[in-house]
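Below are the chains, spelled out letter by letter.
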Amino acid sequence: MDSLPLDISHPAVRDYLSLVRLQVLTPLSLLINIATLLVCSVIVKPSVGSIIKLHPTSISPSPSLIAAYVVAIFLGQIGYCILLVVARKQETKTTLVKGVGLSIVFANWLMALWAVSWVLEFFLLSTILLGLLVLCLLYSNIALLTYHPPTSSRPLDMALIHAPLRFFLILPLSLLFPYSLFITLGLYYSPSHPEHYGRFAWPGFGVTFGANLIGLFVVLMRCDIVWAVAATWICASIWSARPKPAPVYVTVILFTALHPLALFGTLLYRRLTNREGRIALPIDEEHDTGSSNRRGPREVDAEGLWGSG
């Protein structure tokens, strides 16, 4: 066969081939990510969770809550992979191919490599990989919001594309990257001296306050349910791992309450403003075919308007 029976340079053909490529590479990268994290969490010693206990900082999270968060990320990505196969709307396919593309594949590979470097205690490499992971996910989320914004007419796109990618982004952005950076810079204390937990409290306060303030702003401006849930989850994982210095502990407790309150307040405000914006229009008598006393479009019945004296 001298040539293929289709024109590969045609845009529709290239989009189709890109979708097929994603249908293969995305589940493969997800499986590799899941397998790597399972091996590094269950088989390898010290495990991913053990490293957190061996290097406590002022922002150290609870390993069990972070493990549950990662499981939620994987479940969201499984839904994303299913949508890759069953998508029929052209808008959804365009979002998958041009909005997300290979960024989620790279993100899964970066997270798998991070797990290996983490258990090997190559913390500088771990920090670099997490920084690349944040940039990769940040790019895909910005591209989605800019060129393929979520819409209520396609709820599956919101639930299986936008939500998993944003949920994935918030973990390394708000916690994993700064935590790995703290260890790289030596901002941790020995687990054999828990009385030193107050060391480096203010860098921890700066990270937790800054990350949560950004999250609170996003929740208020966009009424972002995913960000509110993820930020509250991460705050709970930090204050549940004790001891914690007072500035960090008070900050995460405060934002654990503020994120849900901001979300419910924004939802209530939007609902009230939408209800007030609805105007009940009077029935147009001109369209009433049963009326015998038709008036011109400029006539006004003063008695009917003000009432008879």
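Here the structure is shown first, and the text comes after it.
So, a few notes on the structure that sits alongside this text. (Residues numbered from 1 in each chain as written. Predicted model: local features only at pLDDT ≥ 70, side-chain atom pairs only at ≥ 80, totals over all residues. Heavy atoms only, no water.)

A few words on helix H3 (residues 63-86). The terminal C-alpha atoms of H3 lie 35 Å apart, and with 24 residues this matches the ideal 34 Å at 1.5 Å per residue to within 8%. By the burial criterion, the buried members of H3 are Ile66, Tyr69, Val70, Ile73, Phe74, Gly76, Gln77, Gly79, Tyr80, Cys81, Leu83 and Leu84. Where H3 is buried, its residues touch helix H1 (11-43), helix H4 (90-100), helix H5 (103-119), helix H7 (155-184) and helix H9 (225-239). (Helix = DSSP H or I, 4+ residues; strand = E, 2+ residues; numbered from the N terminus. Expected span 1.5 Å × (residues − 1). Buried < 20%, exposed > 50% of the residue type's maximum accessible area, 1.4 Å probe, protein only. Contact = heavy atoms within 4.5 Å.)

To continue, consider the nonpolar core. Counting residues in each nonpolar core, the largest one holds 69 residues, and the members touching the most others are Tyr69, Trp114, Trp118, Leu133 and Leu171. Examining the composition of this core, we find that 13 residues originate from one element, H7, more than from any other. Not counting chain neighbours up to four residues away, the residues in contact with Trp114 comprise Leu37, Val48, Ser126, Leu129, Leu130 and Leu176. (Core = buried A, V, L, I, M, F, W, Y, C linked by side-chain atoms within 4.5 Å.)

Going from Lys45 to Pro46, the amide bond is cis rather than trans, its omega being -5°. Residue placement: Pro46 occurs in the loop between H1 and helix H2 (48-54). Geometrically, the link from Arg242 to Pro243 is a cis peptide bond, its omega value of 5° lying close to zero. As for its placement among the helices and strands, Pro243 is situated in the loop between H9 and helix H10 (246-277). Phi is positive for Phe200, close to 60°, though the residue is something other than glycine. Mapped onto the elements of the fold, Phe200 is located in the loop between H7 and helix H8 (201-222). Its identity as a non-glycine residue notwithstanding, Cys223 has a phi of 55°, on the positive side. Mapped onto the fold, Cys223 is located in the loop between H8 and H9.

Turning our eyes to something else, we now look at the packing of aromatic side chains. The final tally for this structure, using the stated rule, is nine aromatic pairs. Centroid distance Tyr69 to Phe167: 4.2 Å. Interplanar angle 5°. Geometry classified as stacked. With a gap of 98 residues between them, Tyr69 in helix H3 and Phe167 in helix H7 connect regions that are remote in the sequence. On the basis of relative accessible area, Phe167 is assigned to the buried category, the value being 11%. A connected cluster of aromatic rings, assembled from ring pairs, spans Trp114, Trp118, Phe123 and Tyr179. (Phe/Tyr/Trp six-rings, centres within 6.5 Å; stacked < 30°, edge-to-face > 60°.)

These results come straight from atomic positions and should not be treated as a statement about function.
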